[in-house]
Amino acid sequence: MLDFVFTVDDPVAWHSKNLKRNWSHYSFLKVFGPKMITSIQNNYGAGVYYNSLIMCDGRLIKYGVISTSILIEDLLNWNNLYVAGRLQKPVKIVAMNESPTLRSALDKNLKSAVTAAFLMLPESFSEEDLFIEIAGLSYSGDFRMVVGEDKTKVLNIVKPNIAHFRELYGSILQENPQVVYKTQQGRLEIDKSPEGQFTQLMTLPKTLQQQINHIMDPPGKNRDVEETLFQVAHDPDCGDVVRLGLSAIVRPSSIRQSTKGIFTAEFPAAVFETVSQAALSKGECFQPREVPVHERQKVTTW
């Protein structure tokens, strides 16, 4: 299944137009109109509204809609690490309006992913180790990895896509002063000193810093975030603490979004209409790459 996400400046206007063109794509929530759909989109789950099981030019697709402002917040701060997590993996940007703010947020999200992965890796590791860690960030604590998803999902995303990950992160790694990137050998070495880790912790997205502070700050102590991060930087279990912080973001986000999906999906599935390109116009669209796994099966990655 192909998976699309559209970022739109005005979700009410977008849903209003899409309801007129593609009424059958929506669940029973369509009877409440575009304002209610937008309210559910913005205020429940991870800020994205999905229409799923849509036939498009003979292919089964699903497409999500997210407000540009909510996407930028997630990219910068990892409020939900839902769409931001998907955009840490190789994607195809089908169309994008010129937006320096969005472009900067996309770049910052990738740099944050590298930093978080560094904190959970040893001093020396391979490119594949790094990309597996990055691809797994948005699955940390995701309840679906326990009850439904393929346990090898992260490996299936990374192994056939090493070249795409290298293309996505190569310049970031080469410009990072804290890493020695041996491109010919596909190996990396990072600064694991307390000073180096503190520098990395201080550049993490705000929500992850706050979650780490919440985990490590004893009741009644009320330390500020910087003081807590300084302590974590000297902790031999620094990487485990970062992983716990990620889980504290991803777990509730994934549960809320999956619960919302029960109501936004048409169930049982009815007759699906083909959607034209024009019907899904306006806004930025992120399309995943398709990765051949074996002769008869493909997985779609973000």
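Everything quoted here is computed from the prediction, not taken from an experiment. (Residues numbered from 1 in each chain as written. Predicted model: local features only at pLDDT ≥ 70, side-chain atom pairs only at ≥ 80, totals over all residues. Heavy atoms only, no water.)

**A closer look at the sheet that holds strand S6 (residues 179-182)**
- Strands sit in the order S5-S7-S6 across an open sheet of 3 strands; the sheet is antiparallel. Edge strands, defined here as strands with exactly one partner in the open sheet, are strand S5 (124-126) and S6. In this sheet, adjacent strand axes meet at a mean angle of 20° when their direction is disregarded.
- Pairing geometry for S5 and strand S7 (residues 187-190), over 3 bridges, is antiparallel. Pairing of Ser126 across the sheet is with Arg187, part of S7.
- Sheet strands in contact with helix H6 (residues 127-136) are S5, S6 and S7, and its direction is about 85° off that of S5.
- The sheet contacts of helix H9 (residues 162-175) involve S6 and S7, and relative to S6 the element is tilted by about 130°. (Pairing = 2+ DSSP bridges. Helix = DSSP H or I, 4+ residues; strand = E, 2+ residues; numbered from the N terminus. Axes fitted to C-alpha atoms, helices over the stretch in contact; angles between N-to-C directions. Contact = heavy atoms within 4.5 Å.)

**Looking at the packing of aromatic side chains**
- Going through the model one piece at a time under the given rule, you end up with 10 aromatic pairs.
- Considering the side-chain rings of Phe118 and Phe125, the 6.1 Å spacing of their centres and the 50° angle between planes classify their relative orientation as tilted.
- Measuring from centroid to centroid gives 6.5 Å for Phe165 and Tyr169, while their planes differ by 10°, and the two rings are stacked. Taken together, the residues span about one helical turn, with Phe165 and Tyr169 both in helix H9 at a distance of 4 residues.
- Feature note: the residues Phe4, Phe6, Trp14 and Tyr63 constitute an aromatic cluster, connected by ring pairs.
- The ring centre of Tyr50 lies 5.0 Å from the NZ or CZ of Lys62, which sits over that ring. (Phe/Tyr/Trp six-rings, centres within 6.5 Å; stacked < 30°, edge-to-face > 60°. Lys NZ or Arg CZ within 6 Å of the ring centre and 35° of its normal.)

**So, the pairing of strand S3 (residues 59-67)**
- Note: strand S1 (residues 2-8) against S3, 7 bridges, orientation parallel. The partner of Asp3 across the bridge, within S3, is Lys62.
- The pairing of strand S2 (residues 48-56) with S3 spans 7 bridges and is classified as antiparallel. Bridge pairing links Cys56 to Arg59 in S3.
- Here S2 folds back onto S3, and the loop between the two strands holds 2 residues, one of which, Asp57, carries a positive phi near 50°.

**Here's the deal with the confidence of the model for the protein**
- Model confidence for the protein is summarised by a mean pLDDT of 83, while 80% of its residues fall at 70 or above.
- Every residue in residues 266-302 is under pLDDT 50, and counting partners more than four places away or in other chains gives 113 contacts. (pLDDT = per-residue confidence, 0-100.)

**Let's talk about the pattern of salt bridges**
- Summed over the entire model, instances satisfying the criterion amount to 7 salt bridges.
- Put simply, Arg166 and Glu127 hold a salt bridge, and the shortest N to O gap is 2.9 Å. Placement of Arg166 in helix H9 and of Glu127 in helix H6 is noted, with a sequence separation of 39 residues between them.
- Judged by its relative accessible area of 36%, Arg166 is partly exposed.
- By relative accessible area, Glu127 is classed as buried at 6%.
- With its nearest N and O atoms 2.8 Å apart, the salt bridge here joins Lys159 to Glu128. Residue Lys159 is found in the loop between helix H8 (153-158) and H9, and its partner Glu128 is found in helix H6; the two are separated by 31 residues along the sequence.
- By relative accessible area, which is 47% here, Lys159 ends up partly exposed.
- Taken together, the shared-partner salt bridges connect Asp3, Lys62 and Arg86 into one network. (Salt bridge = Lys/Arg side-chain N within 4 Å of Asp/Glu carboxyl O. Buried < 20%, exposed > 50% of the residue type's maximum accessible area, 1.4 Å probe, protein only.)

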